[in-house]
Amino acid sequence: MEHIFKQGDSSKPTFVLLHGTGGNEHDLLPVAEMLDPSYNVLGVRGNISENGMNRFFKRHGEGQYDVEDLKFRTTELHEFLESAADKYHFDLDQVVLVGFSNGSNMAISLMLNEAMPYKKGLLFAPLYPLDVPEDLDLSDQSVYLSMGKNDPMVPVEASEYVRRIFKERGADVTEYWVNSHELTQDTVLAAKETL
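Residues numbered from 1 in each chain as written. Predicted model: local features only at pLDDT ≥ 70, side-chain atom pairs only at ≥ 80, totals over all residues. Heavy atoms only, no water.

The protein chain is annotated in an unreviewed UniProt entry as Carboxylesterase of Staphylococcus delphini.

Structure (structure tokens):
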């Protein structure tokens, strides 16, 4: 997968940056810098093109996921991250997923997969309209959710559903409300507090 790696302090965790629709592997580099400039950083570009815009998985329309493709792309991304961890010498267990919009949705898919090691996410404008097993244990996970009160793409009920997915399954959840489908300096600084 197209990506960019920035070596930080090798004893620190690694941010895996997952962009929103139409973004690329460079988009969230300033966010990583604000969060903690000493972390390693891996920016990844989604493998799907939707009308020329990069994404991490296919969809049938706004909020209508292609579930089979999501499963396939989740495994594909995990396998890429395994090989990147090997190549760049970082610990997959110490990864912090940082996502915006479509990237957040992909991060959720990684975090909900019990076979995968992802335990920490900083998720901006997430949406995950799929059913999640009631008995999934997320008690070893911590997630920061930045959600919009007037988000034109993610209604408040959908944001609250994402929060419930994690909270009801035991995860440590921090929530922060912004206005729209956006990534503001305030919410990044609030996310930094959770590190």
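Peer 1: Got a minute to help me understand helix 4 (residues 156–167) in this structure?
Peer 2: Note that an α-helix has 3.6 residues per turn; residues three or four places apart therefore point the same way. Given a rise of 1.5 Å per residue, twelve residues ought to cover 16 Å, and the 16 Å separating the end C-alpha atoms of helix 4 matches this to within 8%. What helix 4 keeps buried is the set A158, S159, V162, R163, I165 and F166. Seen from one end, helix 4 has its buried residues packed into an arc of 155 degrees, which puts them on one side. (Helix = DSSP H or I, 4+ residues; strand = E, 2+ residues; numbered from the N terminus. Expected span 1.5 Å × (residues − 1). Buried < 20%, exposed > 50% of the residue type's maximum accessible area, 1.4 Å probe, protein only. Arc of directions from axis to C-beta.)

Peer 1: What exactly am I supposed to notice about the pairing of strand 3 (residues 40–44) here?
Peer 2: When you tally the buried positions in strand 3, you get five out of five residues, the bulk of the element. Here strand 3 shows no split at all, with N40, L42 and V44 on one side and V41 and G43 on the other all buried. Sheet topology places strand 1 (residues 3–6) next to strand 3; four bridges connect them, and they run antiparallel. Directly across from I4, in strand 3, lies its bridge partner G43. Pairing analysis gives five bridges linking strand 2 (residues 14–18) to strand 3, with the strands arranged parallel. Note on strand 3: the bridge partner recorded for L17 is G43. Handedness of the crossover is the feature at issue here: the chain leaves strand 2, passes through helix 1 (residues 29–35), returns alongside strand 3, and the resulting connection is right-handed. (Pairing = 2+ DSSP bridges. Right-handed = clockwise from strand over helix to strand, strands pointing away.)

Peer 1: It is not clear to me how the side chain of N40 should be interpreted in this structure. Could you clarify?
Peer 2: Its place among the elements puts N40 in strand 3. A polar contact of 3.0 Å, which involves the side chain of N40, links it to the side chain of Q7. Among the polar contacts made by the side chain of N40, one reaches the main-chain carbonyl oxygen of K12 at a distance of 3.3 Å. Setting aside its immediate chain neighbours within four residues, N40 contacts F5, K6, Q7, G8, D9, S10, K12, P13, T14, F15 and F90. (Polar contact = N/O pair within 3.5 Å; in protein donor to acceptor, adjacent residues only side chain to side chain. Contact = heavy atoms within 4.5 Å.)

Peer 1: Please clarify how the nonpolar core should be interpreted in this entry.
Peer 2: Grouped burial of nonpolar side chains is what soluble globular proteins tend to show. Among the nonpolar cores identified, the biggest contains 44 residues, and L42, L81, Y128 and F166 are the most heavily contacted of them. When contributions to this core are tallied by element, the ones reaching two or more residues are strand 2, strand 3, helix 2 (67–88), strand 8 (95–100), helix 3 (102–111), strand 10 (142–148) and helix 4. The dominant element in this core, judged by the number of residues it contributes, is helix 2, at seven residues. In contact with F166, other than residues within four places in its own chain, are I108, M111, L112, L138, Q141, V143, A171 and V173. Within the second largest apolar cluster, 18 residues are counted, among which are L17, V98, A125 and A190. (Core = buried A, V, L, I, M, F, W, Y, C linked by side-chain atoms within 4.5 Å.)

Peer 1: Can you help me understand the sheet that holds strand 3 in this one?
Peer 2: The strands that make up a sheet are held in pairs by hydrogen bonds between backbone atoms, and each pair lies either parallel or antiparallel. Here seven strands make up an open sheet; going across it, the order is 1-3-2-8-9-10-11 and the pairing mixed. Looking at strand neighbours, the two that pair on one side only are strand 1 and strand 11 (172–178), the edges of this open sheet. Within the sheet, the average angular offset between the axes of one strand and its neighbour, ignoring direction, is 15 degrees. The sheet contacts of helix 2 involve strand 1, strand 2 and strand 3, and relative to strand 3 the element is tilted by about 145 degrees. The sheet contacts of helix 4 involve strand 10 and strand 11, and relative to strand 11 the element is tilted by about 165 degrees. (Axes fitted to C-alpha atoms, helices over the stretch in contact; angles between N-to-C directions.)

Peer 1: Where do I start with the packing of helix 2 against helix 3 in this structure?
Peer 2: How two helices pack is summed up by the angle between their axes together with the distance between the axes. Between helix 2 and helix 3, whose axes approach to 10 Å, the crossing angle comes to 80 degrees. Relative to helix 3, the element helix 2 lies roughly perpendicular. Across the interface between the two elements, L70, R73, T74, L77, H78 and L81 from helix 2 touch M106, S109 and L110 from helix 3. Across the contact of helix 2 with helix 3, the residue classes tally to five nonpolar, three polar and one charged. (Parallel < 35°, antiparallel > 145°, perpendicular 65-115°, else oblique. Nonpolar A, V, L, I, M, F, W, Y, C, P; charged D, E, K, R; others polar.)

Peer 1: It is not clear to me how the pairing of strand 10 should be interpreted in this structure. Could you clarify?
Peer 2: Each regular strand displays side chains that alternate between the two surfaces of the sheet. With seven of seven residues buried, strand 10 is to be regarded as a mostly interior element. Residue alternation in strand 10 divides its side chains into two sets, S142, Y144, S146 and G148 and V143, L145 and M147, and both sets are buried. One ladder, built from five bridges, connects strand 9 (residues 120–124) with strand 10; its direction is parallel. Bridge assignment links L123 to a residue of strand 10, and that residue is L145. Since strand 10 and strand 11 lie parallel, the crossover through helix 4 that links them has a hand, and here it is right-handed.

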